[in-house]
Structures are given as structure tokens and as C-alpha cells.
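Residue-level listing of the chains:
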Amino acid sequence: MRASDPAAVSGASARPAQPAQPVRPGAPAVPATGLAAQVADAPGLDARVAVVSLVIINISLLTVGTELLEVVGAVIVVVALLATRRPVPAAVVVVLEVVLLLAVHVVLPALGAGALSLIVFALTFTYRFLLVGLLSWVLLSGITTGSLLAAMGWARVPRVVAVPAVVAVRFLPVVIDDARTIRDNLVLRGVVPSGAALAVHPVTAVRRAVLPLVASSVRTGDELSASALLRGLGCTRTPTSVVSLRLRWVDVLLLVVAVAVGVLAVQQSLAG
């Protein structure tokens, strides 16, 4: 074989080009590569809808103190808790709502106004804060740092605000987990009989729980800061989010409910 023969140079180059195979209907799609393969839909609720709905409902519950709005807020919280498979807090909300309604419509008219009315008013106000806290817990617990950062990027939030918010979202759960670990260690070592005993012994709580928690929090903050820098949160260029924010039917339903609560709050405020 001569050196000028193309087959002598490269066996692969001498082969004829294979024609492109047509894609059969129903054939599995070829997985994407690169950044397109890493982009994924945000799990749970859309962060934008969750935050906006939470602000509208919470402002309506805390600023307009009507009984109808309180009952509507309780129904929303119970449905949200049951939808996220939290039946025990939902049952507590139902029991508290029934007790408050009985106290307002049965007990107070029978016993008359006085010190009891002040107690019922204080309990009602505290109950509304409980509703706000439970709703915040349900809506914000499904928001990941990726979806939160993507929502802030969509809203053009400055990075000096977005980066600390993302670090705080990651920092608080770690601190709570460290506090539980320290409490369990103290109970297992026999330092305190239970975690509630730390409130009775403040000196022991400071020496054995607070100081280790502070040291662990400082170390956790350093690790999260290093992780944030490695993820490019300190970059001056606009980052590309790997989380795709999309509205689902649950997000639309939540937004409609929040707008309805806001309209009801305005109507009740004008009527009152």
C-alpha cells in the first residue's frame, strides 16, 4: 500500500460518512449536556408566589382584626398544614379556633365583660400571631436556597441584600440542628435530666449549651461563607441560576387565595 493512499494515513478517515439516523417517534430523548442538563424546576412552591402571598395574608390578618378574617385565616392555615401532612398542628389550630369562638359568643355574654374580656382579647391577638407563624413555616419551609436566589435575581434584588439572605436561610437551620445536638448530648451525659431543665438552671445552660453553640455558630458561619465564595456569590458578573422558576396550578391557586384575602381585608376595613 502506498503512503499516498488515504487508508494508510487514517483508517477512520477512509470510511464513508454515515448518514444521520432519523429519530423514530416515541424514541427516548438524548439527555442534554452542560448547563442545560443542570437546569431544573424549583421544587415545591414558587418562591415569588410564596413570599408575595405570605406578605399579603399576614398583613391582612394582623392589621384587620375582624372575626371573619380570622376564621378565613384559620381555614387557610389548616388546609396548608393538611396539604403538607402536618395533622397535629392543624388539629391544634382547629381546637384553638373553636375555643376562642365559644369564649367570644358563649362565655363572655354569659359572664359579662371584665377581666375575662381582656384575657380573651390577649388570647385572640396571640392566636393571630400563631396563625402567621404557622403559615410562614409552611410556605417558607419548601423554599430552597437555589429557588430563593433565583427569585431575588428575577426581582433584581441587589446582591448586597440577596447574598446575606441566602446565607441566613442556610445558617438558621444549621444552628437549630446544632442546638438540638448539644441538648441531646447533655441529656445523654446526665448533665441535665431533660432539655427543658436548661431553662431552670441558667448557669448550666450558659456554660454547657450557650458557649458551645456560639463556638459552633462561628465555625458554621465561616464554612457557609467559604461555600458561598466557592459558589460564586461574590462574583461581580450576573450569575446564571440552575433553578428554573415556573408557575404551577398550586402557585396560581395560592396567589388567587392571597388576593381574595387582601380584597376581603380591604372590604372589612372600609366597612368597619
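Residues numbered from 1 in each chain as written. Predicted model: local features only at pLDDT ≥ 70, side-chain atom pairs only at ≥ 80, totals over all residues. Heavy atoms only, no water.

For the protein, the name recorded in an unreviewed UniProt entry is Energy-coupling factor transport system permease protein, with Corynebacterium bovis DSM 20582 = CIP 54.80 as its organism. For the record of the protein, the UniProt heading Subcellular location (unreviewed entry) holds the text "Membrane". (UniProt positions renumbered as here; feature names shortened; annotations may be inferred.)

Trainee: Is there a simple way to think about the environment of Ala151 in this case?
Mentor: Tracing the sequence through the fold places Ala151 in helix H7 (residues 145–154). Linking Ala151 and Val51, residues 100 residues apart in sequence, is a C-alpha distance of 9.7 Å. Leaving out residues up to four positions away in the same chain, Ala151 has contacts with Ala47, Arg48 and Leu245. (Helix = DSSP H or I, 4+ residues; strand = E, 2+ residues; numbered from the N terminus. Contact = heavy atoms within 4.5 Å.)

Trainee: Got a minute to help me understand the pattern of salt bridges in this structure?
Mentor: A pair can form between side chains of opposite charge whenever their charged atoms are brought close. All chains considered together, the criterion is met by 3 salt bridges. Residue Arg48 is joined to Asp46 by a salt bridge in which the shortest nitrogen-to-oxygen separation is 2.9 Å. When its relative accessible area of 2% is taken as the criterion, Asp46 is described as buried. Here Asp184 and Arg183 are joined by a salt bridge, their closest N and O atoms 3.4 Å apart. (Salt bridge = Lys/Arg side-chain N within 4 Å of Asp/Glu carboxyl O. Buried < 20%, exposed > 50% of the residue type's maximum accessible area, 1.4 Å probe, protein only.)

Trainee: Teacher, can you tell me more about the packing of helix H4 (residues 67–83) against helix H6 (residues 115–141) here?
Mentor: Helix-helix packing is described using two parameters, namely the angle between the two axes and the distance between the axes. It is the contact of H4 with H6, at a shortest axis distance of 10 Å, that shows an interaxial angle of 35°. The handedness of the crossing between H4 and H6 comes out as left-handed. Residue-level contacts link Glu70, Gly73, Ala74, Ile76, Val77, Ala80 and Leu81 of H4 to Thr124, Tyr127, Arg128, Leu131, Leu134, Leu135, Trp137 and Val138 of H6. Broken down by class, the residue content of the contact of H4 with H6 amounts to 11 nonpolar, 2 polar and 2 charged. (Axes fitted to C-alpha atoms, helices over the stretch in contact; angles between N-to-C directions. Left-handed = near helix turned anticlockwise from the far one by under 90°. Nonpolar A, V, L, I, M, F, W, Y, C, P; charged D, E, K, R; others polar.)

Trainee: What is the right way to read the UniProt feature "transmembrane region" (unreviewed entry) in the protein from this model?
Mentor: In the numbering used here, UniProt assigns the "transmembrane region" (unreviewed entry) feature to residues 50–83, 90–123, 129–150 and 247–266. Counted over residues 50–83, helix gives 91% and strand 0%. Its end C-alpha atoms are 15 Å apart. In residues 247–266, the share of helix is 90% and the share of strand is 0%. The end C-alpha atoms are 27 Å apart.

Trainee: Help me understand H6, please; the structure alone is not making it clear to me.
Mentor: For an α-helix, 3.6 residues make a turn, and residues three or four places apart therefore share a direction. Compared with the 39 Å implied by 1.5 Å per residue over 27 residues, the 39 Å span of H6 between its first and last C-alpha is a close match. Here H6 has its buried residues at Val120, Thr124, Tyr127, Arg128, Leu131, Val132, Leu134, Leu135, Ser136, Val138 and Leu139. Contacts from the buried residues of H6 go to helix H3 (47–63), H4, helix H5 (87–111) and helix H10 (249–271). (Expected span 1.5 Å × (residues − 1).)

Trainee: Whenever I open this one, the nonpolar core confuses me. Can you help?
Mentor: As a rule of thumb, nonpolar side chains are buried together in soluble globular proteins. Membership of the largest hydrophobic core comes to 27 residues, with the highest contact counts inside it found for Ile57, Leu69, Val77, Leu81, Val93, Leu131 and Leu135. Elements with a minimum of two residues in this core: H3, H4, H5, H6 and H10. The residues touching Leu131, leaving out its near neighbours within four places in the chain, are Leu61, Glu70, Gly73, Ala74, Val77 and Val93. In this structure, Ala47, Ala151, Ala162 and Leu245 belong to the second largest nonpolar core, which totals 10 residues. (Core = buried A, V, L, I, M, F, W, Y, C linked by side-chain atoms within 4.5 Å.)

Trainee: Please explain the confidence of the model for the protein as it appears in this structure.
Mentor: Predicted coordinates in regions of low pLDDT should not be interpreted in detail. With 79% of its residues at a pLDDT of 70 or more, the protein has an overall mean of 77. Between the elements of the protein, mean pLDDT differs from a low of 40, seen in helix H2 (residues 35–38), to a high of 91, seen in H4. Scored below 50 in pLDDT, residues 1–40 makes 16 contacts in the model with residues more than four places away or belonging to other chains. (pLDDT = per-residue confidence, 0-100.)

Trainee: I keep staring at the packing of aromatic side chains and nothing clicks. Help me out?
Mentor: By the definition in use, this model includes 2 aromatic pairs. Geometrically, the ring pair formed by Phe121 and Phe125 is stacked, given 6.4 Å between the ring centres and 20° between the ring planes. With Phe121 and Phe125 both in helix H6 and 4 residues apart, this pair spans about one turn of that helix. Given a relative accessible area of 38%, Phe125 falls into the partly exposed group. Relative to Phe129, the ring of Phe125 lies with its centre 5.2 Å away and its plane at 70°, an arrangement referred to as edge-to-face. Taken together, the positions of Phe125 and Phe129, both in helix H6 and 4 residues apart, correspond to about one turn of that helix. Phe129 sits in the partly exposed class, given a relative accessible area of 45%. Site record: aromatic cluster; members linked through ring pairs are Phe121, Phe125 and Phe129. Lying across the ring of Trp137, Arg86 places its NZ or CZ 4.3 Å from the centre. (Phe/Tyr/Trp six-rings, centres within 6.5 Å; stacked < 30°, edge-to-face > 60°. Lys NZ or Arg CZ within 6 Å of the ring centre and 35° of its normal.)

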